[in-house]
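Next come the chains, spelled out residue by residue.
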Amino acid sequence: MAKLSISNIEKSYGNSSILKGIDLDIEDGEFIALVGPSGCGKSTLLRIIAGLETHDGGSISINGELIDGLRASQRNLAMVFQSYALYPHLSVFENIAVPLQMRFLNGWQRLPFIGPFLPGARKNIDNIKEMVRSAAETLDLLHLLDRKPGQLSGGQRQRVAVGRALVREPQAFLLDEPLSNLDAKLRVHMRTEITELHRRLEATFVYVTHDQAEAMTMADRIAIMMDGELLQVAPPYEVYHNPTNIQVAEFIGSPKINILNVGQDNVGNLIIARQIVPFTYPHATISKMGVRPEAISIVSRPSHLHGKIAHWENFGAEAFFHIVLEGLKNRLIVRGAPTLIQTHKIGDEVNLELDLEQVMGFNADGARLNDRFIAKTRREVA
């Protein structure tokens, strides 16, 4: 398979800079997700890797060999597009076989009727059939080989597109938002199928998506892009719990992380939403606090913050409460047990307790501060 090395890649369209010096090493057999909002440059980067677009600066190598000067067909990379790009008039078998026919059969041997009878054609055709059936078996498509794309579901068409890439035995698979056209239920199912396929093949996968749930559940590492720059490259757990800046913290996580402005009184007590809270922070430049919904609890005892329930959402296994704090523009989102809905109603005043082990601090520029919040007694706060 392949180790991809992307070094200082730059790309502009006119006066618009799309990629601003991207550096990324992708290990052999790794599943890496390029994730970010629309227009951040992730699909452009993937197309540059594939050879479908040229870059203005930097270099790309596979297993240590530069591929900048190679055409897409010479890079031995397989790309799966968002639109599937299947031929509607060909069967599933014929769609999967197309790249093999282009590789193993010459122009005369691909001719209808007479091509299969030309010298050397029969052996190659038999090999193509075997390779197609092997890929179809891997993707559970054997019973669909005679159907046309119009007779398939979205998930089945997606598997055919993956199968067409699979038979090429590429150095790496490049997938450009392959699940975005599927409904929510099928998208979840296909996430599992693609992840298990990667595990079986032990191949290098570069997967572009704007859906953070896909990135978090599928990838070995996530590369978060915004405005043509890589903000952080790390495993999902690390990106979620230790974001390097406030942009990454706000992008990863659903519901979105709560961002609170932090002030200090003249004796060092922290102030949030006009309330003095019972903890302090050793870093004087703290400006904002990041608190994920699961790091806040609704409690009956005296606590850190006080607010009013404005709305709740019941998801069965969990519930999310929208809390209004005086002086806070945005509502605080708190995750709690659905049983709390039975004991609390809209408009109730509630006490909120923060898990200081999970709370994050950021400076005025949005950079992550690595110190931990320190709890104080009520007497120390007063």
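Whatever comes next refers back to the structure up there.
Residues numbered from 1 in each chain as written. Predicted model: local features only at pLDDT ≥ 70, side-chain atom pairs only at ≥ 80, totals over all residues. Heavy atoms only, no water.

This brings us to the packing of helix 4 (residues 154-166) against helix 5 (residues 184-201). In the contact formed by helix 4 and helix 5, the axes pass within 10 Å of each other and the chain directions differ by 20°. The pairing of helix 4 with helix 5 is recorded here as roughly parallel in orientation. Remark: the crossing between helix 4 and helix 5 carries right-handed chirality. Counted together, Gly154, Gly155, Gln158, Arg159, Val162 and Leu166 of helix 4 and Leu186, Met190, Glu193, Leu197 and Leu201 of helix 5 form the full contact between these two elements. Across the contact of helix 4 with helix 5, the residue classes tally to six nonpolar, three polar and two charged. (Axes fitted to C-alpha atoms, helices over the stretch in contact; angles between N-to-C directions. Helix = DSSP H or I, 4+ residues; strand = E, 2+ residues; numbered from the N terminus. Parallel < 35°, antiparallel > 145°, perpendicular 65-115°, else oblique. Left-handed = near helix turned anticlockwise from the far one by under 90°. Contact = heavy atoms within 4.5 Å. Nonpolar A, V, L, I, M, F, W, Y, C, P; charged D, E, K, R; others polar.)

With that settled, consider the packing of aromatic side chains. Aromatic ring pairs are described here by two measures, namely the spacing of the ring centres and the angle between the planes. The tally for this structure, following the rule as stated, stands at six aromatic pairs. Aromatic pair tyrosine 281 and phenylalanine 373: ring centres 4.5 Å apart, planes at 45°, arrangement tilted. With tyrosine 281 in the loop between strand 15 (279-280) and strand 16 (286-291) and phenylalanine 373 in the loop between strand 23 (368-369) and strand 24 (374-375), the pair connects residues that are 92 residues apart, well separated along the chain. Tyrosine 281 gets classed as buried once you look at its relative accessible area, which sits at 4%. Accessibility expressed as a relative area gives 6% for phenylalanine 373, which makes it buried. Every member of this aromatic cluster is reached through a ring pair, and the members are Phe31, Phe173, Phe205 and Tyr207. Positioned above the aromatic ring of tyrosine 240, the side-chain terminus of arginine 292 is 4.0 Å from the ring centre. (Phe/Tyr/Trp six-rings, centres within 6.5 Å; stacked < 30°, edge-to-face > 60°. Buried < 20%, exposed > 50% of the residue type's maximum accessible area, 1.4 Å probe, protein only. Lys NZ or Arg CZ within 6 Å of the ring centre and 35° of its normal.)

Sheet architecture is open: six strands sit in the order 6-7-8-3-9-10, paired in mixed fashion. At either margin of the open sheet sits one strand with a lone partner, and together these are strand 6 (77-80) and strand 10 (229-234). Neighbour to neighbour, the strand axes of the sheet diverge by 15° on average, direction disregarded. The sheet contact formed by strand 9 (residues 221-226) and strand 10 spans five bridges and is antiparallel. Residue pairing across strands places isoleucine 224 opposite glutamine 232, the latter belonging to strand 10. Where helix 4 meets the sheet, its contacts fall on strand 6 and strand 7 (172-176), and the angle it forms with strand 6 comes to roughly 170°. The sheet contacts of helix 5 involve strand 3 (31-35), strand 7 and strand 8 (204-209), and relative to strand 8 the element is tilted by about 160°. (Pairing = 2+ DSSP bridges.)

Moving on, we come to helix 2 (residues 92-104). Spanning 13 residues, helix 2 covers 19 Å between terminal C-alpha atoms, matching the ideal 18 Å at 1.5 Å per step. The sharpest bend along helix 2 comes to roughly 45°, located at valine 98, with the proline proline 99 sitting one to four residues further on. Elements in contact with the buried residues of helix 2: helix 3 (121-138) and helix 4. (Expected span 1.5 Å × (residues − 1). Bend = angle between axes of the 7 residues up to and from the residue.)

What follows concerns the nonpolar core. Among the nonpolar cores identified, the biggest contains 52 residues, and Phe173, Ile194 and Ile224 are the most heavily contacted of them. For this core, the leading source of residues is helix 3, giving six residues. Apart from the residues lying within four places of it in its own chain, the contact partners of isoleucine 194 are Phe31, Leu179, Phe205, Tyr207 and Met218. (Core = buried A, V, L, I, M, F, W, Y, C linked by side-chain atoms within 4.5 Å.)

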